[in-house]
Amino acid sequence: MKNRKILFAVILIFLVSVCLSVLILRHSDKQTIEIVQDGTVLYTFDLNDTEARNIRISTPDGGYNLVQIQNGKICISEADCPDQTCVNMGVLKSDYLPIVCLPHKLIVRFAEGES
Amino acid sequence: MSIRRMTELALLSSVALIIFVIELRIPNPFPIPGVKLGLANIVTVYAVFRYRSSETAMIVTVRLLLGAMFSGKPSALLYSAAGAIVCLCGMLLLRRILPEKQIWLCSVIGAMLHNIGQITAAVIIMQSFSVAAYLPILLVTGSLAGAFTGVCAQLLLNRIKR
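Not measured: the values here are computed from a predicted model.

A few words now on the sheet that holds strand β3 (residues 53–58) of chain A. All names here are of chain A. With respect to topology, three strands assemble into an open sheet ordered β3-β4-β5, the strand pairing being antiparallel. Across the chains shown, the open sheet's two edge strands, defined by having one partner strand only, are β3 and β5 (73–79). Strand after strand, the sheet turns through a mean of 25° between neighbouring axes, direction not considered. Taken together, the six bridges between β3 and strand β4 (residues 64–70) define a ladder with antiparallel strand orientation. Its bridge partner being in β4, N54 is matched across the sheet by Q68.

Counting 61 residues, the largest nonpolar core has C101 and V108 of chain A together with V43 and Y134 of chain B as the members making the most contacts within it. With 13 residues, helix α5 (residues 103–126) of chain B is the largest single contributor of residues to this core. Those residues in contact with C101 of chain A that lie beyond four places of it in its chain are N65, I76, A79, C81, C86 and L106 of chain A.

Residues and elements named next belong to chain A. Reading across the sheet, the four strands line up as β2-β1-β7-β6 and stay open at both edges, with antiparallel pairing between neighbours. With partners counted over all chains shown, the strands left at the sheet margins are β2 (40–46) and β6 (99–101), one partner each. Along the sheet, successive strands turn relative to each other by an average axial angle of 15°, direction set aside. Two elements, strand β1 (residues 32–37) and strand β7 (residues 106–110), share five bridges in a ladder whose sense is antiparallel. Across the sheet, Q37 pairs through a bridge with L106, a residue of β7.

The next subject is the interface of chain B and chain A. At the junction of the two partners, chain B supplies 27 residues and chain A supplies 30 residues. Elements supplying a minimum of two residues to the side of chain B that touches chain A: α4 (77–97), α5 and α6 (135–159) of chain B. With seven residues, the single largest contributor to the side of chain B that touches chain A is α5 of chain B. Of the residues contributing to the side of chain B that touches chain A, the split by class is 19 nonpolar, seven polar and one charged.

This part covers the packing of α5 of chain B against α6 of chain B. Residue and element names in this part refer to chain B. It is at 7 Å that the axes of α5 and α6 come closest, and there the two elements cross at 145°. Crossing geometry of α5 relative to α6 is assigned as right-handed. Partitioned by chemical class, the residues of the contact of α5 with α6 number 15 nonpolar, ten polar and no charged.

To continue, consider helix α3 (residues 53–71) of chain B. Residue and element names in this part refer to chain B. With 19 residues, α3 extends 26 Å from end C-alpha to end C-alpha; this agrees with the ideal 27 Å at 1.5 Å per step. Listed in full, the buried residues belonging to α3 are T56, I59, V60, R63 and G67. Across the axial projection of α3, the buried residues extend over an arc of 95°, all falling on one side. Facing away from the buried side of α3 by over 90 degrees, the exposed positions are S54 and M69. As for α3, its buried residues are in contact with α1 (3–25), α2 (41–50) and α4. Following α3 by one or two positions, G72 has its phi on the positive side, about 70°.

The rules we used
- Residues numbered from 1 in each chain as written.
- Chains lettered and ligands numbered in written order.
- Predicted model: local features only at pLDDT ≥ 70, side-chain atom pairs only at ≥ 80, totals over all residues.
- Pairing = 2+ DSSP bridges.
- Helix = DSSP H or I, 4+ residues; strand = E, 2+ residues; numbered from the N terminus.
- Axes fitted to C-alpha atoms, helices over the stretch in contact; angles between N-to-C directions.
- Core = buried A, V, L, I, M, F, W, Y, C linked by C-beta atoms within 7 Å.
- Buried ≥ 20, exposed ≤ 12 C-beta atoms within 10 Å, placed from the backbone.
- Contact = placed C-beta atoms within 7 Å.
- Nonpolar A, V, L, I, M, F, W, Y, C, P; charged D, E, K, R; others polar.
- Left-handed = near helix turned anticlockwise from the far one by under 90°.
- Expected span 1.5 Å × (residues − 1).
- Arc of directions from axis to C-beta.

Following this line, the structure appears as structure tokens:
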């Protein structure tokens, strides 16, 4: 009996996560971007008002990420970290799913609330 | 600890490491940090059900430290270590409750705990709560991967009689 309860709990968690994942992966309609490094906000700007540019963000230990803004879209185009996950994530789309570079503690996300 | 025992543990650790290194060569179709098949955990699940708690912890520790070195990503060690510790504690407790036929379930819960540990570490290290949004996605992929490794471990346990 105990095992059945555990099984049900696992199935429940799984289904809830599936629903939440679908919600999280929806595209965002916000335009304000925030770039956060190690808990502090470095840049805040509006995607529509910003022309194409590249921002180079360095880490204290010598690493860097190149953030690229083009046609109202933002992505990390280059990084010198070994795993390159942030580059592979591509363009920022979702409200809840930021582009994260774990080795450099860098987050690119849509800002909370409208400004 | 007898030499025979020690050799067995060393062998299991190296098998886990080899699986880990081979898995690094498989391209990841999901560009989301933390999503992984985790094939090396077949060995972990096997060890949880065949060896003492302390011995399993030894295998996992060796796998983690050498794995971080071999993959060339020492910065990932903190995240994977946090996940592995939570996962191991959970699975060692579950071993007492679950019968041998439901090892796959133990592996699924272990995978979920691993992801929760990882995300907790990420929230603390990045000092930002926004990474927590990855948790549901990690839970879905993690429990699928966990079910797969669990079934593999179950087959192994059935084949390798003591």
